[in-house]
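# Reading the structure
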Amino acid sequence: MSDFQELVKSFSKTREYVRDFFVYGFKTRNEFKSKSPRTYDNERRRLESWLAPYVQKDYVAKGFNLSLAIDSNLLDTNPLFQVWKTKSFTDNDIVLHFLILDLLLAGRTMTAEEITDSLLTQYETLFDIQMVRRKCNFYAKEGILDKKKLGKTVFFSLDNTLALWIKSNENVLDALAFYQMAGCLGIIGNMLSEQLDCHNKIFRVKHSFFVHTLEEEILLELLDAMNHKKSVTLIIKSSKRGLTNTAICIPLQIFISTRSGRRFLCAYLEKNSRFTCFRLDTIQKVTALETSQIYEELQEKLERNRRHLWGVSFESPERHHQDRLTMKLQVQEPEEHYIVDRLYHEGRGGTVTRLEKNIYQYEISVFDCNEMIPWIRTFIGRILSLECTAKSVEQRFYQDLQTMYQVYQISGHNYDH
C-alpha cells in the first residue's frame, strides 16, 4: 500500500480534488459514492494542507461536510492559486533546480558539460550529464534559461535583467498586483509577485470568481488552438451524471455569463454542422488537431448568429431555427419608467413598443427562449400576457406561475395554456 502524498503529478487531478469540495461540496464521507472512503480521506487531507485557512466543517447527523469558505472581497490574492503549486517532484529535481540557477546567477554562460563539472567541484554532487542537459533544455523551453548555439556547442545562461527592472518599477508591480486579481491566467501575476517578494496591498475585488483558476490550464490550451485556428478533441465529464464523452470541434470563442460568471467554449461541431457551447469546468482535456480551412468563415457565421443568442444555447426546444417571444407589460407612467429602461438595457436587442398608456410590448427572436425564463420572472406582477412560438416555454411559464399561486394559497387564478 502506497504512502499518502500531499503533492500530485497532474494538475487535472488537483483540479478534480478542489472542485469536489469547492463547487460540489457539502457532502459527507459516505455520500462520495464515486470514490472509495480511503480516496476521500486522502483528498480531504490534501485540501486541508493546501487551503487550511479556508476549510470549513459543518457537522451533520451522518458526520461532517467539508467545504471551502472564501470571501473574495476580503482577500489580497486568490487562495486557489495555491493548487498550482502542488506538483510533485523528485529529490534530483529540487537539487538541480537550485544548484543550476545558483551557478548561472552571476551572469555566467555555461555548457551542460561545464555545469555538470561545476556541480561536482563546487557542490560535491554527482549527476549524469544527460540528466543535466535535459533539465537545462526543459528550463530553456519554459523561458527560465536562455539557450544559444555557437557552432555545435550549446550554451545556457540566466538573464535577470527583466526581473530586476520589474522589481525596481513600482507601477509594474502595481500592475502585477491588479492582474492577479482581475485577469485570466492571474496565476502568472501571482507567481511573478511572489518571486519578487511583493504583495498586493492596494486592490480588492468585490465580486470575483476565484474558481476560474481551476479552468485556466484548459483555457490556455483552447486559446492556443484558436490562435492557430486548429480543431480540437475534447474530453468532457458531465457534472450531473459523471459520464465522460469525447467531442471533436473547432473552438471559436469563450463566452462568460454576466449573471453566474460561468465560462463556456463556443465551438462548431462539423459532424452535426452546428454551433454548440461547452462549460469550461466540464472539460477535462484538450488535444489540438489539424488547422481548420474554414475558420474565418465559421467566425463570420458565428458573429451573425450571436445576434439571436440570449445565453449560450443555439438550439430551440421546438427544433425551429429561432423562437419568437412576445410579452405585454403594464407600466405605470411616468413613475415606473425605469421598467421600460430595463427592457431597453437588458432586452438584448429586443424591440420595445408603447401600445397605449401604461401598456408596453416587448418582442424578440432567439434560438432558445428557455434561457429567458429567469429574466422574464423578474417582471411577474406586471406581465399581462406572454406568447412564444415554442409552446413548451409558454406552458412552463404559466405552470410555474400557477404553482406559485398554490404555494402562497392565492385563489382565483387558473391558467390553461
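Residues numbered from 1 in each chain as written. Predicted model: local features only at pLDDT ≥ 70, side-chain atom pairs only at ≥ 80, totals over all residues. Heavy atoms only, no water.

The subject of this paragraph is the packing of helix α7 (residues 170-182) against helix α8 (residues 187-195). As a packed pair, α7 and α8 sit with axes 7 Å apart at the nearest point and diverge in direction by 140 degrees. Comparing their axes, α8 and α7 come out oblique. Here α7 and α8 pass one another in a crossing that is left-handed. The segment α7 lies against α8, with L176, A177, Y179 and Q180 engaging I188, G189, N190, L192 and S193. Per-class residue counts for the contact of α7 with α8 are five nonpolar, four polar and no charged. (Axes fitted to C-alpha atoms, helices over the stretch in contact; angles between N-to-C directions. Helix = DSSP H or I, 4+ residues; strand = E, 2+ residues; numbered from the N terminus. Parallel < 35°, antiparallel > 145°, perpendicular 65-115°, else oblique. Left-handed = near helix turned anticlockwise from the far one by under 90°. Contact = heavy atoms within 4.5 Å. Nonpolar A, V, L, I, M, F, W, Y, C, P; charged D, E, K, R; others polar.)

Let us look at unusual backbone geometry. The bulk of non-glycine residues show a negative phi, and the bulk of peptide bonds are trans. For the peptide bond that leads from E333 to P334, omega is 0 degrees, which places it in the cis range. Inspection of the secondary structure puts P334 in the loop between β11 (323-330) and α11 (337-346). We note that K229 has phi near 55 degrees; this positive angle belongs to a residue other than glycine. Examined against the element boundaries, K229 turns out to sit in the loop between α9 (216-227) and β6 (230-237). For K229, a relative accessible area of 32% gives the class partly exposed. In this structure, R348 takes a positive phi of about 50 degrees despite not being glycine. Mapped onto the fold, R348 is located in the loop between α11 and β12 (351-356). Here R348 falls in the partly exposed class, since its relative accessible area comes to 44%. (Buried < 20%, exposed > 50% of the residue type's maximum accessible area, 1.4 Å probe, protein only.)

With that settled, consider a nonpolar patch on the surface. Judged by side-chain polarity, F89, I94, V95 and F98 come together as a nonpolar surface patch covering roughly 360 Å² of accessible area. In this structure, F89 sits in the loop between β2 (63-68) and α3 (91-104). Accessibility expressed as a relative area gives 47% for F89, which makes it partly exposed. (Patch = residues over 30% accessible without salt bridge, like charges linked within 9 Å, V, L, I, M, F, W, Y side chains within 5 Å. Areas by Shrake-Rupley, 256 points an atom, 1.4 Å probe, with all protein chains shown as cover. Salt bridge = Lys/Arg side-chain N within 4 Å of Asp/Glu carboxyl O.)

The subject of this paragraph is the layout of surface pockets. Within this model, the largest pocket holds a volume of roughly 2400 Å³. Lining the largest pocket are 46 residues, with H97, E142, I144, M191 and Q195 sitting closest to its centre. A breakdown of the residues in the lining of the largest pocket according to their chemical character gives 25 nonpolar, eight polar and 13 charged. In this structure, the second largest pocket spans a volume of roughly 1200 Å³. F264, G311, V312, S313 and E371 are the residues nearest the centre of the second largest pocket, which is lined by 36 residues in total. (1 Å grid on protein atoms, 1.4 Å probe; cavity = no way out; pocket = protein on both sides within 12 Å on 5 of 7 lines; lining within 4 Å. Points joined across faces, edges and corners; volume = space filled by probe spheres on them.)

This part is about the pattern of salt bridges. Within this structure, the stated rule accounts for 15 salt bridges. A salt bridge links E333 to R354; the shortest N-O distance between them is 2.8 Å. Note that E333 is positioned in the loop between β11 and α11 and R354 in strand β12, a separation of 21 residues in sequence. Looking at R354, the relative accessible area reads 46%, which means it is partly exposed. As a salt-bridge pair, R382 and E336 come within 3.2 Å of each other at their nearest N and O atoms. Placement of the pair is R382 in the loop between α12 (373-377) and β14 (383-388) and E336 in the loop between β11 and α11, with a sequence separation of 46 residues. On the basis of relative accessible area, R382 is assigned to the partly exposed category, the value being 21%.

To continue, consider α11. For α11, every residue scored as buried is listed here: I339, V340 and L343. With its buried residues spanning 105 degrees around the axis, α11 presents them on a single face. Exposed and oriented more than 90 degrees from the buried face of α11 are Y344 and H345. Those residues of α11 that are buried lie in contact with β11, β12, β13 (359-366) and α12. Just downstream of α11, R348 is the residue with a positive phi angle, here 50 degrees. (Arc of directions from axis to C-beta.)

Here we take up the packing of aromatic side chains. Going through the model one piece at a time under the given rule, you end up with nine aromatic pairs. With 5.2 Å between their ring centres and 65 degrees between their planes, Y268 and F275 make a pair best called edge-to-face. For the cation-ring pair, R348 lies above W310, with the distance from its terminal atom to the ring centre recorded as 4.5 Å. (Phe/Tyr/Trp six-rings, centres within 6.5 Å; stacked < 30°, edge-to-face > 60°. Lys NZ or Arg CZ within 6 Å of the ring centre and 35° of its normal.)

Tracing the backbone through its elements, the reader meets K135 in helix α5 (residues 129-142). A residue is classified by how much of its surface remains accessible, and K135, at 13% relative accessible area, is buried.

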